[in-house]
Structures are given as C-alpha cells and as structure tokens.
Amino acid sequence: NAVTFADRFLRKYRSKSLSEEELQTIGGRIVGVLMRLDDLEWEWNHRVCSSPLGQEESASMIPYEQWKTTLGLHPGGVEQVCVETIDVALLEEEDFARARAEKMLGLFLGCIEGPALKASGNRVPGGSEIDFIKCTAQRALMEPKLDNPN
C-alpha cells in the first residue's frame, strides 16, 4: 500500500539532513504518485505517443531503443497490453525504473501538485518545479493541459 511504502521511506531517511517538512512533502508525493499511478502511466504514454517525441515522421522522435531510459516507457505499445512485461522490466532494469519514476513524479508535480498549490496559495519546501527533468520537450509534456473552452 502507498502509505506503508511512504512510511518505510520516511523511517529510512528521517536521520538524514532533511527537515520534518521536507520529509512530509516527500512522503505526500510518494503517496500521491502511487495512488494515481495507473492514471499517470496512461497519461504519460498518451502524451508521449501523441507528441513529436513519439511520432516516427518527426525529426525530434526518440528512437525506440532509447524509450526505456529516456522516456520511462516500454516501446511498441507494450504499456497498454502487457502489464507483466512492464513489471518485470521495472524489477530488472534500474535505468528504466529510475526514468519511469522521474516521469511519473514530473507529471504529478506538473499536473496535480503544482496547480493545486497555486490555486490554494500554499507552498512546499523546494517548490513544485520539474527542474530535475532536463529535456524541455519532456517538461512541456508534463504541464497541465488547458481545457478547451469550445
């Protein structure tokens, strides 16, 4: 369960140089991402595949052999048809797991936490910036989609 996972993390890092407020922020993010994981995974896959990064005819397309480590996605639509393949890859491929975790956190910060904090006028330690994602095209995909007024 997400709360148990967050509690284990917080216990492990409580003695580090993080403040209680920073630990609470990290714990909340862990729970937030894990509780929305299926939706975040689907949304990231959809955003990448419908963007120039995922279009074969695009000059900015990421080659399929780099999808796992660059985008945190399994190429070829595996995301939608074989959860077991994704689970095995996450357990066995550290770079894939790290890339996927970064992308899920980035999408969470950009589309859920950031807008919610802005709307409420609240702040968290370090802010909700997606500055750990270096690729500007990927960061742009993590921003909230504006509702179409039509």
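Residues numbered from 1 in each chain as written. Predicted model: local features only at pLDDT ≥ 70, side-chain atom pairs only at ≥ 80, totals over all residues. Heavy atoms only, no water.

Broken down by element type, the protein chain carries 8 helices and 0 strands. Element order for the protein chain, N to C, with α for helix and β for strand: α-α-α-α-α-α-α-α. Here the C-alpha radius of gyration of the protein chain, 16 Å, is about what a compact globule of 150 residues would show, namely 15 Å. Among the 150 residues that make up the protein chain, the fraction classed as buried is 35%. Long-range pairs, those at least 24 residues apart, make up 57% of the contacts in the protein chain with a sequence separation of at least 6. Accessible area of the protein chain: about 9,500 Å², with a carbon and sulfur share of 53%. For the protein chain, the distance from the average position of its 17 positive side-chain charges to the average position of its 24 negative side-chain charges is 7 Å. (Helix = DSSP H or I, 4+ residues; strand = E, 2+ residues; numbered from the N terminus. Rg over C-alpha atoms; globule rule 2.2 N^0.38 Å. Buried < 20%, exposed > 50% of the residue type's maximum accessible area, 1.4 Å probe, protein only. Contact = heavy atoms within 4.5 Å. Areas by Shrake-Rupley, 256 points an atom, 1.4 Å probe, with all protein chains shown as cover. Lys, Arg positive; Asp, Glu negative; His and termini not counted. Charge placed at Lys NZ, Arg CZ, Asp CG, Glu CD.)

On to the confidence of the model for the protein chain. Across the protein chain, the average pLDDT comes to 86, with 96% of residues at or above 70. Considering each helix and strand of the protein chain separately, the mean pLDDT is smallest for helix 5 (residues 78–81), with a value of 72, and largest for helix 7 (residues 94–120), with 93. (pLDDT = per-residue confidence, 0-100.)

Okay, the packing of helix 6 (residues 83–92) against helix 7 next. Remark: helix 6 packs on helix 7, axes separated minimally by 5 Å, with the N-to-C direction vectors making an angle of 110°. By the angle between their axes, helix 6 is roughly perpendicular relative to helix 7. Residues Ile86, Ala89, Leu90 and Glu92 of helix 6 pack against Glu94, Phe96, Ala97 and Arg100 of helix 7. Split by residue class, the contact of helix 6 with helix 7 holds 5 nonpolar, no polar and 3 charged. (Axes fitted to C-alpha atoms, helices over the stretch in contact; angles between N-to-C directions. Parallel < 35°, antiparallel > 145°, perpendicular 65-115°, else oblique. Nonpolar A, V, L, I, M, F, W, Y, C, P; charged D, E, K, R; others polar.)

Turning next to helix 2 (residues 20–35). For helix 2, spanning 16 residues, the distance from its first C-alpha to its last is 22 Å, which sits close to the expected 22 Å at 1.5 Å a residue. When we look at burial in helix 2, the residues that qualify are Leu23, Thr25, Gly27, Arg29, Ile30, Val31, Gly32 and Val33. On its buried face, helix 2 is in contact with helix 1 (2–13), helix 3 (37–49) and helix 7. (Expected span 1.5 Å × (residues − 1).)

This brings us to the environment of Pro144. As for its placement among the helices and strands, Pro144 is situated in the segment after helix 8 (136–141). Placed 56 residues apart in sequence, Pro144 and Val88 show a C-alpha to C-alpha distance of 30 Å.

This paragraph deals with the pattern of salt bridges. Oppositely charged side chains may form a pair once their charged atoms are brought near each other. For the structure on display, the rule yields 7 salt bridges. Of the charged contacts in the structure, one is a salt bridge between Glu113 and Arg29, with a shortest N-O distance of 2.7 Å. Of this pair, Glu113 sits in helix 7 while Arg29 sits in helix 2; the two residues are 84 residues apart in sequence, bridging distant segments of the chain. On the accessibility criterion, Glu113 (12% relative accessible area) is buried. The shortest N-O distance in the salt bridge between Lys103 and Glu102 comes to 3.9 Å. For Glu102, a relative accessible area of 30% corresponds to the partly exposed category. (Salt bridge = Lys/Arg side-chain N within 4 Å of Asp/Glu carboxyl O.)

This structure, assessed with the given rule, holds 0 disulfides. The thiol sulfur of Cys111 is not disulfide-bonded, and the nearest other cysteine sulfur, from Cys135, lies at 16 Å. Residue class for Cys111 comes out partly exposed when judged on its relative accessible area of 24%. (Disulfide = S-S within 2.5 Å.)

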